[in-house]
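A closer look at the structure
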Amino acid sequence: MKSPEKTGGISDLLRRLPSVDDLMADLRREEGEGPSDPVLAGAARRAIEQRRQRLLSAGAGPNGVEEGGGGREALREEILREARGLLSADRSPLLRPVINATGVVLHTNLGRAPLSEAAARALLDVAQGYSNLEYDLAAGRRGKRGLPVEDLLRRLTGAEAALLVNNNAAAVMFALQVMAQGREVVVSRGELIEIGGSFRIPDIMRVSGARLVEVGATNKTRLGDYADAIGPETGLLLKAHTSNFRIVGFTEEVSREDLASLGRERGVPVLEDLGSGCLLDIPGIPAEPSVAASVAAGMDVVTFSGDKLLGGPQAGVVVGKAPWVEKMKRHPLMRALRLDKLTLAALEATLRAYLDPEAALAEVPALRMLSEPPEAPGKRAETLLAALGEAAGRLRPEVVKTTSRVGGGALPLSELESRALALAPRGLSADEADARLRGG
Ligand SMILES: *Cc1c(COP(=O)(O)O)cnc(C)c1O
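About the criteria used
- Residues numbered from 1 in each chain as written.
- Predicted model: local features only at pLDDT ≥ 70, side-chain atom pairs only at ≥ 80, totals over all residues.
- Heavy atoms only, no water.
- Core = buried A, V, L, I, M, F, W, Y, C linked by side-chain atoms within 4.5 Å.
- Buried < 20%, exposed > 50% of the residue type's maximum accessible area, 1.4 Å probe, protein only.
- Near = heavy atom within 4 Å.
- Polar contact = N/O pair within 3.5 Å; in protein donor to acceptor, adjacent residues only side chain to side chain.
- Helix = DSSP H or I, 4+ residues; strand = E, 2+ residues; numbered from the N terminus.
- Nonpolar A, V, L, I, M, F, W, Y, C, P; charged D, E, K, R; others polar.
- Pairing = 2+ DSSP bridges.
- Axes fitted to C-alpha atoms, helices over the stretch in contact; angles between N-to-C directions.
- Contact = heavy atoms within 4.5 Å.
- 1 Å grid on protein atoms, 1.4 Å probe; cavity = no way out; pocket = protein on both sides within 12 Å on 5 of 7 lines; lining within 4 Å.
- Points joined across faces, edges and corners; volume = space filled by probe spheres on them.
- Expected span 1.5 Å × (residues − 1).
- Parallel < 35°, antiparallel > 145°, perpendicular 65-115°, else oblique.
- Left-handed = near helix turned anticlockwise from the far one by under 90°.

This paragraph deals with the nonpolar core. In globular proteins that are soluble, nonpolar side chains generally tend to be buried together. One finds L153, I282, F304, L309, V319 and L351 to be the most contacted residues of the largest nonpolar core, which totals 53 residues. In terms of nonpolar packing, the next biggest core, distinct from the first, is built from 31 residues, M179, I193, L238 and M334 among them.

Right, dumping it as C-alpha cells:
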C-alpha cells in the first residue's frame, strides 16, 4: 500500500505545511522568554510562506515531492530551521565591521577612513543625548550649526570661510550651481574626470545647470587655452584633481597659481575640486596638493572629502573666499545638503587632532597607517601569525613583503612598501579560502 503522504497532487503537499501556531510554539520552546509573539509569528509566517512558494513553483512532480520533504515531521523540522535562520538574520546587522585585507588603506567599498578614538567618542557623546548643535551656549540663544568646525577649517587651511555638506560630490555640484548656473564653465580636457558611481564632471555640470566648455587636449592644456575660452558667458574656471589616474609622458597642465591669477585678471572666479583634501604632509608618501596650498594660490573656492586623506567621516568640505561661501550658505539647497550632528561631532574631533600635526599622525588611523614604516604592519603580521597557533598547520601562513595603496582617489600610482600575512590553506582552492574568510 502506498503511504498517503507520497500520493496526491500539489494540494496534498501544501496540506503538509505546519501551522503558524505550531511553528511558533516550537520557536518559543527554543527561544524562551526573549522575543515577543509578533516577532516569532512573523518568522514562522515568512518561513512557511517561503516554502509554500517553493512548493507551488516546483509543482506536483518530483521537484515538488523533493521540496515537500520526507513527510510532515521532516518538513516541519526543515521549516523550523529556516524560521530560526530568519530570526537570527533579523538580529544580525547587515552593515557590519570587516577586516580590510585589500592593501588599500582608504577603500571606498569598505567605508574609507576608519575614525580615530576621539572622533568615535565625540560621535557617541552627541548621539545619545542633546547637544548645542544650533544653540549658542555663551549668548544663551539660537546659534549656527557647524560653526566650531568652520572655525577649525579656517585655521587649518588659511581660508576666509568654510561650509560643510554631505560629501565632496555634493560640494562640487553645489559650488557649480551657485557659482555658474546658466553660465559657461571652462575645464581642461585632461580633467574631465569620472570618480566612480556615475560622478563625472560633464554630468555633474549638466545637473548643476552650468555649460561645460572644454579646452586644451587630454595631455596638454596651456594658460592661453583658458584665456581664449573666456567670454561674456563665462561664469567659472574649474580645476579638478585627477585623483584616480595619471596622464604621464608628454604632458602639460596649468599651475593653480597661474589659473587663479588669470581668473582675477579677467574677473572670473576659480573653483578647485581637490578630491582628497590633504591638510598636512604625510611622511612616507609623496606629497598630494594640500588644501592650504590651493587656498594660498588664490582659488576662490576649494572643495574636498572628509573621509579620504583627511581621515574623518564622510563629508564634503568647501573653503574659500567669504562672499562665495556666504552665497552658498544662503542658497536654498544648503538645507538639503547640510551635515548631521553625528558627522559634525566626528569631523570636529578629527580636525582638532590636526592642531598638533604630530598628534594627527599618531591618532588619525588613516594618517597613522600611511605614515608608519613597513616594519609596523610586519610586526602585526607576526603577532597574528603567533596567534594562529594550532591552525597554522592547515593555513600555512607566511609573513611576506607586499605593497599597499593609498586609495580614496589619492596617489593612484604610489605603491607603499608593506608586509602581509599570506595564507595557503591545505586542501582549499584560493576561491574557497576567500569565501570562508568572507563568511567568517
Ligand atoms: C573622491 C572625489 C570626489 C567625490 O568625493 P565624495 O566625497 O566621494 O563624494 C569628487 N572629486 C574628486 C576629484 C574626488 O577625488
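Here we take up the site of the ligand. Near the ligand there are 13 residues, and of these A169, S243, D273, S305 and K308 occur at the shortest range. Between the ligand and A169, the relevant distance is 2.8 Å, taken from an oxygen atom to a main-chain nitrogen or oxygen of the residue. Separating an oxygen atom of the ligand from a side-chain N or O atom of S305 is a distance of 2.6 Å. Of all the elements in the fold, those that place two or more residues in the shell around the ligand are α8 (168-180) and β10 (270-275). Here the residues of the shell around the ligand sort into four nonpolar, six polar and three charged.

We now examine the sheet that holds strand β4 (residues 161-165). With respect to topology, seven strands assemble into an open sheet ordered β4-β12-β11-β10-β9-β5-β8, the strand pairing being mixed. Edge strands, defined here as strands with exactly one partner in the open sheet, are β4 and β8 (211-215). Averaged over all neighbouring strand pairs, the angle between strand axes comes to 25°, with direction disregarded. Contacting β4, β11 (301-305) and β12 (316-320), helix α7 (residues 147-157) crosses the sheet at an angle of about 125° to β4. On the sheet, helix α13 (residues 322-330) packs against β4, β11 and β12 and is oriented at approximately 30° with respect to β4.

For the rest of this paragraph, the subject is the sheet that holds strand β1 (residues 104-106). Spatially, β1-β13-β14 is the arrangement adopted by the three strands of the open sheet, whose pairing is mixed. Each edge of the open sheet is held by one strand with a lone partner, namely β1 and β14 (416-422). Here the strands of the sheet are splayed against their neighbours by 45° on average, with no regard to which way each runs. Of the pairings in the sheet, the one linking β1 to strand β13 (residues 398-407) comprises two bridges and is parallel in character. If you follow V104 over to β13, its bridge partner there is R405. Docked against the sheet, helix α18 (residues 375-388) engages β13 and β14, running at close to 5° with respect to β14.

Along the chain, L192 falls in the loop between β5 (184-188) and β6 (194-196). A sequence separation of 49 residues divides L192 from H241, and the C-alpha atoms of the two residues are 9.6 Å apart. Once residues lying within four places of it in the same chain are set aside, the contact partners of L192 are V187, I201, P202, L212 and E214.

Summed over the entire model, instances satisfying the criterion amount to one cavity of 30 Å³ or more. In this structure, the largest cavity encloses a volume near 30 Å³. Looking at the largest cavity, the residues that line it are C278, L280, D281, I282, I285, P286, A287 and E288. A breakdown of the residues in the lining of the largest cavity according to their chemical character gives six nonpolar, no polar and two charged.

Here we take up α18. With 14 residues, α18 ought to run about 20 Å at 1.5 Å a step, and its terminal C-alpha atoms sit 20 Å apart, in line with that. At its buried positions, α18 is contacted by β13 and β14. Once α18 finishes, G389 follows within two positions and takes phi at roughly 50°, a positive value.

Let us now look at the pairing of β4. In terms of burial, β4 is largely enclosed, as five of its five residues are buried. With burial as the criterion, each face of β4 is covered, one bearing A161, L163 and V165 and the other bearing A162 and L164. Bridge analysis of β4 against β12 gives five bridges, and the strand direction is antiparallel. Looking across to β12, one finds that L163 is bridged to V318.

A word on the packing of helix α3 (residues 37-58) against helix α5 (residues 72-91). One can describe the packing of α3 onto α5 by two numbers: an axis separation of 8 Å at closest approach and a directional angle of 125°. Looking at the two axes, α3 sits oblique to α5. Crossing of α3 over α5 shows right-handed handedness. Every residue of α5 that contacts α3 at V39, L40, A43, A44, R46, A47, I48, Q50, R51 and R54 is listed here: L75, E78, I79, E82, A83, L86, L87 and D90. Taken together, the residues of the contact of α3 with α5 break down into 11 nonpolar, one polar and six charged.

Looking at where L339 falls in the secondary structure, it is placed in the loop between α14 (333-337) and α15 (341-353). A relative accessible area of 5% means that L339 is categorised as buried. Distance in space between the C-alpha atoms of L339 and R145 is 8.9 Å, their sequence separation being 194 residues. Residues within four places of L339 in sequence aside, it is in contact with R145, L164, V165, N166, Q314, A315, L344 and L347.

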